Amino acid sequence: MDAGNGLVPAQNQPDIELLRKDEEREEESELLQSITSPPVAETTSLKVCSSIVFWKCKLWMVITSAFLLLILVTILSLILYSETYIDEDEYWDPELIAGGKQHNFSGVVNINCPNPNALLSESAYDIFSKNLNKRLKDVYSYSPALGRYFISAEVISFSGENNTASYYLQFLVPPESDDFMKYRMNKDFVMNILRQDIYGQQRISDLDIPECTNVILDPSSVTIT
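- An unreviewed UniProt entry annotates the protein as TPA-induced transmembrane protein originating from Python bivittatus.

### Some thoughts on the pairing of strand β4 (residues 150-159)
- Bridge analysis of β4 against strand β5 (residues 164-173) gives eight bridges, and the strand direction is antiparallel. By the bridge assignment, Ser152 is partnered in β5 with Gln170.
- Counted along the chain from β4 to the antiparallel partner β5, the turn is four residues long, and its residue Asn163 has a positive phi close to 55 degrees.

### Describing helix α5 (residues 122-141)
- An ideal rise of 1.5 Å per residue puts 28 Å on 20 residues; α5 measures up with 28 Å between its terminal C-alpha atoms.
- Every buried residue belonging to α5 is among Ala124, Phe128, Ser129, Leu132, Asn133, Arg135, Leu136, Val139 and Tyr140, and all of these are buried.
- Elements in contact with the buried residues of α5: β3 (101-112), β4, β5, α7 (187-200), β6 (203-204) and β7 (215-224).

### Considering α7
- Look at α7: 20 Å from first C-alpha to last across 14 residues, which is about the 20 Å you get at 1.5 Å a residue.
- All buried positions along α7 are accounted for by Val190, Met191, Ile193, Leu194 and Ile198. Projection of α7 onto a plane perpendicular to its axis shows the buried side chains occupying an angular sector of 155 degrees, all on one side. More than 90 degrees from the buried face of α7, the exposed residues found are Gln196 and Gly200.
- The secondary structure elements touched by the buried residues of α7 are β3, α5, β5 and β7.
- A side-chain oxygen of the first residue of α7 lies 3.2 Å from the backbone nitrogen of Asp188; this N-cap is Asn186.

### Side note on empty space enclosed by the protein
- Inspection of every chain in the model, using the stated rule, returns one cavity of 30 Å³ or more.
- Its volume calculated, the largest cavity comes out at about 50 Å³.
- Along the walls of the largest cavity sit Ile111, Phe128, Asn131, Leu132, Phe158, Ile204, Leu207, Val215 and Leu217, which together make up its complete lining.
- By residue number, the principal contributor to the lining of the largest cavity is α5, which donates three residues.

### Re the environment of Asn133
- Relative to the elements of secondary structure, Asn133 occurs in helix α5.
- Asn133 gets classed as buried once you look at its relative accessible area, which sits at 15%.
- Separated by 20 residues in the primary sequence, Asn133 and Ala153 have C-alpha atoms spaced 6.4 Å apart.

### Regarding a nonpolar patch on the surface
- Taken together, the side chains of Phe67, Leu68, Leu69, Ile71, Leu72, Val73, Ile75, Leu76 and Ile79 define a hydrophobic patch exposed on the protein surface, amounting to about 840 Å² of accessible area.
- Mapping Leu68 onto the fold places it in helix α3 (residues 59-84).
- For Leu68, a relative accessible area of 51% translates into the label exposed.

Calculation rules
Residues numbered from 1 in each chain as written. Predicted model: local features only at pLDDT ≥ 70, side-chain atom pairs only at ≥ 80, totals over all residues. Heavy atoms only, no water. Pairing = 2+ DSSP bridges. Helix = DSSP H or I, 4+ residues; strand = E, 2+ residues; numbered from the N terminus. Expected span 1.5 Å × (residues − 1). Buried < 20%, exposed > 50% of the residue type's maximum accessible area, 1.4 Å probe, protein only. Contact = heavy atoms within 4.5 Å. Arc of directions from axis to C-beta. Polar contact = N/O pair within 3.5 Å; in protein donor to acceptor, adjacent residues only side chain to side chain. 1 Å grid on protein atoms, 1.4 Å probe; cavity = no way out; pocket = protein on both sides within 12 Å on 5 of 7 lines; lining within 4 Å. Points joined across faces, edges and corners; volume = space filled by probe spheres on them. Patch = residues over 30% accessible without salt bridge, like charges linked within 9 Å, V, L, I, M, F, W, Y side chains within 5 Å. Areas by Shrake-Rupley, 256 points an atom, 1.4 Å probe, with all protein chains shown as cover. Salt bridge = Lys/Arg side-chain N within 4 Å of Asp/Glu carboxyl O.

As structure tokens, this is what we get:
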């Protein structure tokens, strides 16, 4: 069949097939090369990290050494700080306190009974007194700020008319204690320690008083003079 009919002569068909196979091989070769060869940016970064900065030290060695040195300096700084820092609340001189002077505070707290019409006996007030005494001693003896200076606490009276209990607190303060009394043991600070404790637990339960089994302390009524 001749070329005038628009058909490719039979003798040219093998050549065309060879050309197609060559093109396919070239495409496969280019694809394989693009997969196996690393990106240019990655190759450049590897070369930079592997470059020698000085002597035989490469850049990655310098970066790693600087990072390790920073960690070592931080650890040493923390160790030195913990050895030299002294917390004033943790360090105190017992002899200095023993040579100090006594300082007393007096205060009042309101006591609410669920039964306002109950007539409390003298034994009931004794139970209230013992319970409140223990509460005051626990609050101030375990106080991180004032526990080392605390001596005693005592409920001195009850008032049935306005349901209040009066008490006094005794502390031993260091000599020359003007600044100490102004900043560490002023009456507002002493009052707020007790008030905060009462806010945490206002109810006094398990009292052996039939007419008033649960007593509630009013934190807003706490006063110190």
